[in-house]
Amino acid sequence: MDDKTDSGFTPEQVPPRRIVALLSGEGNRLEALIEAQSHDELGGELVAVIADRTNTAGAEKAHAAGIDVAILPRDEYDTPTAYDGALIKTIERHAPDLVVLDGFWHIFSPIFTSRFNGRLLNCHPSLLPALIGRHTHQRALDEGLQEHGASVHFVIEGLNTGPLIIQAVAKVTSDDTAETLAEKVLAREELIYPIAIRWFLEGRLKLGAQGAELDGILLPPTGLRLSNEDAEEELNGE
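Everything in this summary refers to the structure shown in the same document.

Criteria and thresholds
Residues numbered from 1 in each chain as written. Predicted model: local features only at pLDDT ≥ 70, side-chain atom pairs only at ≥ 80, totals over all residues. Heavy atoms only, no water. Pairing = 2+ DSSP bridges. Helix = DSSP H or I, 4+ residues; strand = E, 2+ residues; numbered from the N terminus. Axes fitted to C-alpha atoms, helices over the stretch in contact; angles between N-to-C directions. Buried < 20%, exposed > 50% of the residue type's maximum accessible area, 1.4 Å probe, protein only. Right-handed = clockwise from strand over helix to strand, strands pointing away. Phe/Tyr/Trp six-rings, centres within 6.5 Å; stacked < 30°, edge-to-face > 60°. Lys NZ or Arg CZ within 6 Å of the ring centre and 35° of its normal. Polar contact = N/O pair within 3.5 Å; in protein donor to acceptor, adjacent residues only side chain to side chain. Parallel < 35°, antiparallel > 145°, perpendicular 65-115°, else oblique. Left-handed = near helix turned anticlockwise from the far one by under 90°. Contact = heavy atoms within 4.5 Å. Salt bridge = Lys/Arg side-chain N within 4 Å of Asp/Glu carboxyl O.

All right, on to the sheet that holds strand β5 (residues 120-124) then. Backbone hydrogen bonds hold the strands of a sheet together, and the pairing may be parallel or antiparallel. As summarised here, the arrangement of the eight strands in space is β3-β2-β1-β4-β5-β6-β7-β11, forming an open sheet in which the pairing is mixed. Unpaired on one side and paired on the other, β3 (68-71) and β11 (224-226) mark the two borders of the sheet. Across this sheet, the average inter-strand angle for adjacent strands is 20 degrees, counted without regard to direction. Inspection of the sheet shows strand β2 (residues 44-51) paired to β3 by four bridges, in the parallel sense. When the bridges of β3 are listed, valine 49 appears paired with valine 69.

So, in structure tokens, the structure goes:
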């Protein structure tokens, strides 16, 4: 049987939306995106990974999945602005609809954020705006927080300051260590990152003048938030 409609016309094949990932290390979030893509749950195709150093586990995972990998070491550029210029050129060779970050620790220049405004996402291991920056799990323990978690947000100029899209809470228990919290939070990052990416690629999510919008409705300052119980239910498949 040919692929024609009843009217005799063959429907146009729409190419999948294109995603470029920027990473620095293990690529755990990238691995979750590759898994989602393999089950047609990502809404697009990872066409390239750009790593800022050689011999990263994340780059190896991308190679294994048949994804193009480019290495763009920071130390080969005199200034962050020069690095951003090279990064823009490398990204645009792949004509992405969306650029996603995986542990890519870099404060982008205004030139970079303007170029990819509204199509640049990050997943951060805390319930933003709490615990901006690094070492969030130990800091959550040091501050005696009862809730920790993960956040997906649009990237704008500044560090972890973009409008929030979705968060997932992880309960902090008395026996938690930085390592056990990291495991809880990573599971939540791997849960919510593919969801946000799919929303974007399906045209449901966008960065509006007032913040993140889903289905044309402005999201609250925290984005959509999954409670610890809801996140556990999703992760356990209940």
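Now for the pairing of strand β4 (residues 98-102). Burial analysis of β4 places five of its five residues in the buried class, which makes it a mostly covered element. Where burial is concerned, the two faces of β4 agree: the one with Leu98, Val100 and Asp102 and the one with Val99 and Leu101 are both buried. Crossover β4 to β5 through helix α4 (residues 110-115) is right-handed.

This part covers the packing of aromatic side chains. With the rule as written, the count across this model stands at four aromatic pairs. When the ring of tyrosine 77 is compared with that of tyrosine 83, the centres are 5.6 Å apart and the planes differ by 75 degrees; the resulting orientation is edge-to-face. When its relative accessible area of 2% is taken as the criterion, tyrosine 83 is described as buried. With 6.1 Å between their ring centres and 15 degrees between their planes, phenylalanine 104 and phenylalanine 108 make a pair best called stacked. Within the aromatic cluster, the residues linked to one another by ring pairs are Phe104, Phe108, Phe112 and Phe116. Its end group placed over the ring of phenylalanine 104, arginine 74 keeps NZ or CZ at 4.7 Å from the ring centre.

Further remarks concern the side chain of serine 151. Considering the arrangement of structural elements, one finds serine 151 in strand β6 (residues 147-154). At 2.6 Å, the side chain of serine 151 and the backbone oxygen of serine 126 are in polar contact. Among the polar contacts listed, one links the side chain of serine 151 to the side chain of glutamine 167, at a separation of 2.9 Å.

Turning our attention to the packing of helix α1 (residues 28-38) against helix α6 (residues 178-201). Axes are the key here: two packed helices are described by the angle between their axes and the distance separating the axes. Two elements in contact, α1 and α6, have axes separated by 9 Å at closest approach and are oriented at 50 degrees. With respect to each other, α1 and α6 are oriented oblique. Note that α1 runs across α6; the crossing there is right-handed. Residue-level contacts link Asn28, Arg29, Ala32, Leu33 and Ala36 of α1 to Leu186, Glu189, Glu190, Tyr193, Pro194 and Ile197 of α6.

As a further point, take the pattern of salt bridges. In total, this model carries 12 salt bridges according to the counting rule given. Two residues, lysine 61 and glutamate 31, come together in a salt bridge whose shortest N-O distance is 3.2 Å. Of this pair, lysine 61 sits in helix α2 (residues 57-64) while glutamate 31 sits in helix α1; the two residues are 30 residues apart in sequence, bridging distant segments of the chain. In this structure lysine 61 comes out as partly exposed when scored by relative accessible area, which is 22%. Since its relative accessible area comes to 41%, glutamate 31 is described here as partly exposed. Look at the salt bridges and you will find they share partners, linking Arg29, Asp102 and Glu189 into a network.

Our next topic: the sheet that holds strand β10 (residues 217-218). An order of β8-β9-β10 is seen for the three strands of this open sheet, with the pairing classed as antiparallel. At either end of the open sheet lies a strand with only one pairing partner, and these are β8 (205-207) and β10. As paired elements, β8 and strand β9 (residues 212-214) share three bridges and run antiparallel to each other. Across the sheet, lysine 206 pairs through a bridge with glutamate 213, a residue of β9.

This brings us to the side chain of glutamate 213. Mapping glutamate 213 onto the fold places it in strand β9. When its relative accessible area of 16% is taken as the criterion, glutamate 213 is described as buried. Not counting the four nearest positions on each side in its chain, glutamate 213 is found in contact with Arg204, Leu205, Lys206, Gly208, Leu218 and Leu219.

Excluding glycine, residues mostly carry a negative phi; peptide bonds, for their part, are mostly trans. A cis amide bond links leucine 128 to the next residue, proline 129, at an omega of 10 degrees. Mapping proline 129 onto the fold places it in the loop between β5 and α5 (136-142). With a phi close to 55 degrees, aspartate 40 is a non-glycine residue in the positive phi region. Look at aspartate 215: it is not a glycine, yet its phi comes out positive at around 55 degrees. With respect to the secondary-structure elements, aspartate 215 resides in the loop between β9 and β10.

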